[in-house]
Amino acid sequence: METVQVATLQQHLDRFAGEDVFIHLETTNGAYANHFNEEVFNAGAFIRNVQLRYELAKVVGDSPHRVGLKLPNGWVYAQGITHFEIDEHDRLLMAGHDFSGKLAVALQISRTPFAY
Amino acid sequence: MTIPHEEAVLVIFPHPDDEAFGVSGTISTYIKQGTPVTYACLTLGEMGRNLGNPPFATRESLPQIRKKELQASADAMGLKDLRMMGLRDKTIEFEDDNKMVQLVQDLIDDVKPSLIITFYPDYSVHPDHEATARAVSRAVYRMPQEQRPKIYAVAFSNATKDDLGEPHVIHDITEAREQKMGAMRAHISQTAWMLEEMEKRLADGEPEAENWLHFERFYIFDVETSKYQ
Ligand SMILES: [Zn+2]
């Protein structure tokens, strides 16, 4: 993965606009967050291989960035994106890694379903 | 130093590194003693969060990395019967409960273990650990009493010592310390931070760090009094 360059990432986001794509979206503070610190409220969300079509996508802000997808009837967004790559299957993988190298958020876009 | 003989041992954990810290010395010791050991690992730890910054892997490439690490850990322990069960990390508690019981029962029917090593229900923190522990408890309870294997359970939630007291079983795994270090190192994508810390403490001769290279601890889990039957 490479550090987000806004213009480059924006070009890739634009490539998938108006097409049926599969989405992976995840936020997490880890299953152990509350074990290590009982003050932590453990929360997260995960969707994988939900199909949708977005009409507009934007990457905004200084790092960590926000990425938002505007759908005909709704929205998808992720906050905290630091890195991205186009993988060997031409999938757009975006992720936010915290200062200790742990994944905190991921947003991924693919024309074909992600593995299970 | 030996540990008591078993006919066959079945280890059931949900994540590729679950065996490394607390059980790999025991697995290696059984294997050295000629006891057949099967390790069924339910997922490939697809949702692992240690991806580095800068990242060395993506959400999509991590499973293949962890699969290789798991195989390397098995090799380090001398384990021949490693089974990857194909479930997805962090989803086990949402699977059908009876399907999970059947998965465990099928493993038991095949391996015919005298001992199962898994997590202790309600004391193992991660939702996948808990779901695995519940499935094992239910599957073993539903067997005819005389055919049930023993269960050695790993417990580490913050309430463990208060509620369960001291571990019932302590294995001296000193002679398998190289194998154990090998298993720890095999899972480097997940254990790098822990290992760095440990090796520093070992180098400083700190006794607690030495401890986990000498002893592994288990609670005997009784399905008769379990909530999960
Ligand atoms: Zn685990």
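Note on numbering: residues in each chain are counted from 1, in written sequence order. Chain A is the first chain written and ligand 1 is the first ligand written, with later ones labelled in order. A pLDDT threshold of at least 70 governs which residues receive local features in this predicted model, and a stricter bar of 80 or more applies before side-chain atom pairs are shown or counted, although totals over entire chains, interfaces and linings include all residues. Side-chain calculation: all heavy atoms of the structure are included, whereas hydrogens and water are not.

Looking at an unreviewed UniProt entry, one finds chain B named Bacillithiol biosynthesis deacetylase BshB2, with Chryseomicrobium excrementi as its source organism.

The name that an unreviewed UniProt entry assigns to chain A is DUF1806 domain-containing protein, with the source organism given as Chryseomicrobium excrementi.

Colleague: Break down the overall build of chain A for me, with residues and values.
Modeller: Of regular secondary structure, chain A possesses two helices and nine strands. Going from N to C terminus, chain A has its helices and strands arranged as β-α-β-α-β-β-β-β-β-β-β. Its C-alpha atoms give chain A principal-axis dimensions of roughly 45 × 30 × 25 Å. Each residue's exposure class comes from its accessible area (1.4 Å probe, protein chains only) as a fraction of the maximum for that residue type: buried when under 20%, exposed when over 50%, partly exposed otherwise. Within chain A, the proportion of its 116 residues that are buried is 44%. Of the contacts formed within chain A by residues at least 6 apart in sequence, a portion of 55% connects residues at least 24 apart. Using a 1.4 Å probe, the Shrake-Rupley method yields the accessible areas, and only the shown protein chains count as cover for residues. As presented, chain A carries roughly 6,200 Å² of accessible surface, and 54% of it is formed by carbon and sulfur atoms. Averaging the positions of the 9 positive and the 14 negative side-chain charges in chain A gives two centres separated by 6 Å. By definition, any uninterrupted DSSP run of H or I lasting at least four residues is a helix, any uninterrupted run of E lasting at least two residues is a strand, and each is numbered from the N terminus. Only heavy atoms matter for contacts: two residues are in contact if any of them lie within 4.5 Å across the pair. Under the convention used here, Asp and Glu are negative, Lys and Arg are positive, and both His and the chain ends fall outside the count. Note on charges: their place is set at NZ of Lys, CZ of Arg, CG of Asp or CD of Glu.

Colleague: An account of the coordination of the zinc ion is needed here, citing residue identities and associated values.
Modeller: Perfect tetrahedral coordination of a metal by four donors corresponds to 109.5 degrees between them, and perfect octahedral coordination by six donors corresponds to 90 or 180 degrees. Residue and element names in this part refer to chain B. Donor atoms (N, O, S) are those found within 2.8 Å of the metal centre, with the cutoff raised to 3.2 Å for Na, K and Ca; water is not part of the atom list, so apparent gaps in a site can occur. The zinc ion binds to the protein through His-15 (ND1), Asp-18 (OD) and His-129 (NE2), with metal-donor distances spanning 2.0 Å. One chain supplies every donor to the zinc ion, and in sequence these donors are spaced H-x2-D-x110-H. With Asp-18 in helix H1 (residues 18-22) and His-129 in helix H5 (residues 127-141), this residue pair connects regions lying 111 residues apart in the sequence. Each member of the pair, Asp-18 as well as His-129, carries the same accessibility label: buried.

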